[in-house]
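Topology and contacts: notes
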Amino acid sequence: MRKFSVLITLLIATFLIATTINVLVWDDAHTEAVKSLIKVFEKETGIKVNFEMLPSRSVLEKTAIGVSSQKTDYDLVAIDEPFIPQFSDLLLPYDEWPEGSKYKKPSLKVVLPEAFRAAEWKGVIRGLPINGNVYVWMARKDLIEKYQDEFKKEYGYDLGFPDTFDQLIDMAKFFTKKGIYGFGPFTIKSEGATCEAIFMFESFGTSVLELKDGKYKVVLDKEKAVKAIEFYKELLKYSPPGATAYGHSERIAAFNQGKIFTMFQWPAIIPSHENPDESLVAGKILYGPPPAGPEKRVAIRGCWILAIPKASKNKKAAAEFAYWWASKEMGKKLVKAGMTPVREDLLLDPELRSEKPWFVAIFQSMKYAVARPRFEKYPEVSDVIQRYWISAVTGQITPEEAIDKMVEEIKNVLRKYGY
Amino acid sequence: MSSGSMVIKRKPGVAPQALYFLVPAIILVGFVLIFPIIFAFFLSTFKWPLVETENRQFIFVDNYINIFKDKEFWHALYLQIGFILIAIPIELVIGFSVALLFNRSFPFATLIRSLLLLPVFVLPVLSGLTWRLMLQPEYGPLNYLISKLGFKQLTWLADPKLAYTAIIIQDIWRMWPFMFMIIYAGLTTIPKDLIEAAKLDGARFRDRVFKIIIPLLKPTIATALLLRIIDALRIFSEVFIMTEGGPGNATTLLSIYIYRQAFRYFNMGYSSAMAIVLMLISLIIALAIVSKNFEVE
Amino acid sequence: MKKITKYLIMFAAIAILLIELFPIIIIFLNGFKRDIDIWSGNPFQFKFTLKSYKKIFEKSDFLIGLKNSLIVGLANTVISILAGSMASYGISRYKFKSRKFLAYSFLISRMIPQISLAVPLYMLFRSMGLTDTVIALILAYTSFNIPYVVWLLLPFFNSIPIEFEEAALVDGCSRKQIFWKIFFPLAAPGIIVASIFVFITSWNEFIYALVLTGIRSKTAPIVISAFLGQFAPEWGQISAAGTFVLIPIFVFTLALQKYLIKGLMAGGIKG
């Protein structure tokens, strides 16, 4: 009898206690803004949210530790897109996400379809992209205006936003003569270098890794890859001193100090270029998609994906939260805090266009989006690419040697994991 | 008046009174660590990818064999040992010299001593970050000073040798006050009259230092070295934030390589095996230092 | 003559201090600079601003992090010093067969990289339902701080002559009284140094904190690392936050250092 009443009490209690979900995301102004608005969500849905924010590297570590196929500490996690292949088996496919009761489940029409590809692995979409992070190209409006005539006299065409790689080199060379540097590379050991490498390789027409019939093959075309390296080395000549150790901090600072004419940038960083407290060139920047390489125009993509672990016991609540976060109303509020939208309606919103001129550029760039190599053991491949790319462009080894070694070591990695 | 270990009981076995002193520590450390240490050993005998559970399998000593064959491991080990052999003696010498200098009362001594420890207190990540800023050509304060003095600015962190030097300098800067503090505390335990008597006997400063102070301080110095080496073998945040192990693998110390295998490649088994190897190396170094300078007997 | 020497030493000390503290001064100043000035060459020319400090306090979990760090740091230091000094005394004064083994096994816990122990520790505390609690951190930290204390105190304990305790024993004091009333105070220099470093280690520890804490028990290093940003650090904020968290440590150290008076031992021994 006693056991029975305890059981009844427990059942009643479970119904009365609100659902609580645990969310793990990265930490920046965007997520801080989400956190500040959570009370609204909690009131409207009765779902309590434990919103944990961590530095992005730590998010990956904690996800790996806390999420398994049987147990999970989190109902909703943010996963950086290169790691989707690795975690894909643990994540609920987007098709199976429950429909939202209060908020609508975004479809491929609302969120840019190329962004959804970031969440895709082996044909299945594994989550909801929550920001539109893709290479955007920047160029100094004021410098273009100032040197229009001089440039035209020397090169014969109008100085403007660089549209092709050839124009990029011409303009970089021109400006370096003027004491401003033409280009801002990315050369320190980190993911950013892999992005630049893939950007260059793809622009010259070659990919690194391809999945065919369940087997991975290294498909790097040596000739094109070497050309890509040579081109980047040329660009480095027109970069500021210290450009051989340029990471995010250094590039941002150099551009903000007005020392660089043109370079790529991640949209999430652009607010700092437009902030007068940080940048001498705020308001003087033009945005657009990256210049086209000899073979094609590409832009590297790096979205954060919201994913629901299969082992979660609160999938419906987690999905509801994700839809709320991804809704247009939330989007409008979050954009003010620095969020990079991934919804077409926000990116093309005329109200936002004057404040955020780069949104249109994001929309354009997304059309040319490519991903870094998709592979379950991506980090090891990325490290190989970084290492040899940087050694080659900084002149420590020859481009041919770099490509040979890169291919050889990537093949070793494939072999190690049975491909 | 004697130094060296003084022992009371000579009965074999552990006297019940000793237990009173030993038990709290044993329980606290044991409780928290027995499972993790055993688990780490256990993991090292497995192929254990953190994320894919199906691929886990027992491979006995294969991880260790692979470590032996891994060029990157040996390179990382070489870098780590080099780091210790260069940075720590310099920290010791600077710390010792400054401790000798401070070994008297002077105005603001306490305040200055506490301020001197700030580099040790600073968050490791912030220390590495600040050095990265300072070493930047064009903007870094250090390079700015160098250029004002007429020298050419260098891109420290792009050159393998310079980057390695930079992380060593960072550690020396950060940790010599640690050595200083321990040696200073040790100096305060040396009876003043001992030094006075030696002075009266006509002993010169150099003799006083080498014949009296250093021998008396041997155990203290040994402990400082021991603790510093054990920690330096696991140094991580400062170096990682400065170079991430780059350029190339020029600053990929063993501790960084272990992290990379564990949390970038998620090969937990391999990483644990390397951790065990690192632990054994630490143990050998510890035994070497202790047996020469210390009587735990 | 003596006074001049004292002042000479003081000036030498200040010179050393200034050279050594140059990077710290940079961090301190950066907390008051706009990002645009941090990256502009001359570290001493800038426009003063309190924006970064304002921003760090606006960050939702900054104060929580500080509070947790303080609790964990202090509790941990007290427990580690007490248990550690007792164990060190036991090893120093009692000879028993497994003495060396015990001393070294304490040390081993500090020889394995924390990364490798983090995952099993997480599993251990999760099975006990202690994830995201301050207690888990306090316990986890004692696991590497107690060995530190044990070994750091050994040379200090060994150098205290046995005559004190023998005299006290003859006088009828129990071992426990001897330890707490006589020995502990005599070993003050070692204990002070140990306390300072144990506190710092706990205060700055990152990996265990990352793995074992969540939103409730987050500590300061985790919160501050958020200023590292996904791409580039928020220089002003991380400098401001880093400077701010130095204050408790500095106060703690200054307070303890007052007891590190030279000659404490000399007088004691002769007596």
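Residues numbered from 1 in each chain as written. Chains lettered and ligands numbered in written order. Predicted model: local features only at pLDDT ≥ 70, side-chain atom pairs only at ≥ 80, totals over all residues.

1. Remarks on the domain arrangement of chain A
A common way to express how large an interface is: the accessible area buried when the components associate. All names here are of chain A. Here is the rule: These domain limits were set by an automatic method or by a database of domain assignments. Two residues form a contact once the distance between their C-beta atoms, set from the backbone, is within 7 Å. The secondary structure listing takes helices from DSSP runs of H or I that are at least 4 residues long and strands from runs of E that are at least 2 residues long, numbered from the N terminus. Side-chain classes follow a simple rule in which Ala, Val, Leu, Ile, Met, Phe, Trp, Tyr, Cys and Pro form the nonpolar group, Asp, Glu, Lys and Arg form the charged group, and the remainder, Gly included, forms the polar group.
Domain assignment breaks chain A into domain 1 (2-133 + 302-370) and domain 2 (136-300 + 377-416). Of note, the centres of domain 1 and domain 2, computed from C-alpha atoms alone, are 31 Å apart. With 18 residues of domain 1 in contact, the opposing surface of domain 2 contributes 16 residues. At the level of secondary structure, the elements contributing two or more residues to the side of domain 1 that touches domain 2 comprise helix H4 (84-87), helix H16 (358-366) and strand S15 (369-370). Tallied by class, residues from the side of domain 1 that touches domain 2 come to 10 nonpolar, eight polar and no charged.

2. Structural notes on the sheet that holds strand S12 (residues 285-288) of chain A
In a beta sheet, neighbouring strands are held together by backbone hydrogen bonds and run either parallel or antiparallel to one another. All names here are of chain A. Our working rule: By this definition, two strands are paired if DSSP reports at least two bridges between them. Fitted lines through C-alpha atoms give the axes, limited to the stretch in contact for helices. The angle between two N-to-C directions lies from 0 to 180 degrees.
Read across the open sheet, the four strands follow the order S8-S11-S7-S12; overall the sheet is mixed. A single partner strand is all that each edge strand has here, and the edge strands are strand S8 (181-183) and S12. With direction set aside, neighbouring strand axes in the sheet form an average angle of 20°. Looking at chain direction, S8 and strand S11 (residues 260-265) are connected through two bridges and run parallel. The partner of Phe183 across the bridge, within S11, is Thr262.

3. Here's the deal with the interface of chain C and chain B
Of the residues lining the interface, 98 residues belong to chain C; the matching set on chain B comes to 94 residues. Grouping the amino acids of the side of chain C that touches chain B by side-chain chemistry returns 66 nonpolar, 20 polar and 12 charged.

4. Thoughts on the environment of Leu217 of chain B
Residue and element names in this part refer to chain B. Spelled out, the test is: Here a residue counts as buried when 20 or more other C-beta atoms fall within 10 Å of its C-beta, as exposed when 12 or fewer do, and as partly exposed in between; the C-beta atoms come from the backbone.
With respect to the secondary-structure elements, Leu217 resides in helix H10 (residues 205-232). According to the C-beta neighbour criterion, Leu217 is buried, with 24 such atoms within 10 Å. Taking the C-alpha atoms as reference points, Leu217 and Leu43, separated by 174 residues in sequence, lie 41 Å from one another. Beyond its immediate stretch of four places on either side in the chain, Leu217 contacts Ile183 and Gly186.

5. A look at the interface of chain A and chain C
In this assembly, 28 residues from chain A lie in contact with 21 residues from chain C. The class makeup of the residues in the side of chain A that touches chain C is 11 nonpolar, eight polar and nine charged.

6. Quick word on the sheet that holds strand S3 (residues 76-80) of chain A
Residues and elements named next belong to chain A. Spatially, S2-S1-S3-S14-S6 is the arrangement adopted by the five strands of the open sheet, whose pairing is mixed. Looking at strand neighbours, the two that pair on one side only are strand S2 (48-54) and strand S6 (128-129), the edges of this open sheet. Sheet strands in contact with helix H3 (residues 56-66) are strand S1 (20-26), S2 and S3, and its direction is about 135° off that of S1. Here helix H12 (residues 315-325) sits on the sheet in contact with S1, S2, S3, S6 and strand S14 (304-307), set at roughly 45° to S1.

7. Brief notes about the packing of helix H8 (residues 191-203) of chain A against helix H17 (residues 378-393) of chain A
Helix-helix packing is characterised by the crossing angle of the two axes and by the distance between the axes. Residues and elements named next belong to chain A. Cut-off, in case you're wondering: Put simply, angles under 35 degrees are roughly parallel, angles over 145 are roughly antiparallel, angles from 65 to 115 are roughly perpendicular, and the rest are oblique.
Contact pair H8 / H17: the axes reach a minimum separation of 8 Å and the direction vectors enclose 75°. With respect to each other, H8 and H17 are oriented roughly perpendicular. Between H8, through Glu191, Ala193, Thr194 and Ala197, and H17, the contact on the second element is made entirely by Ser382, Ile385, Gln386, Trp389 and Ile390.

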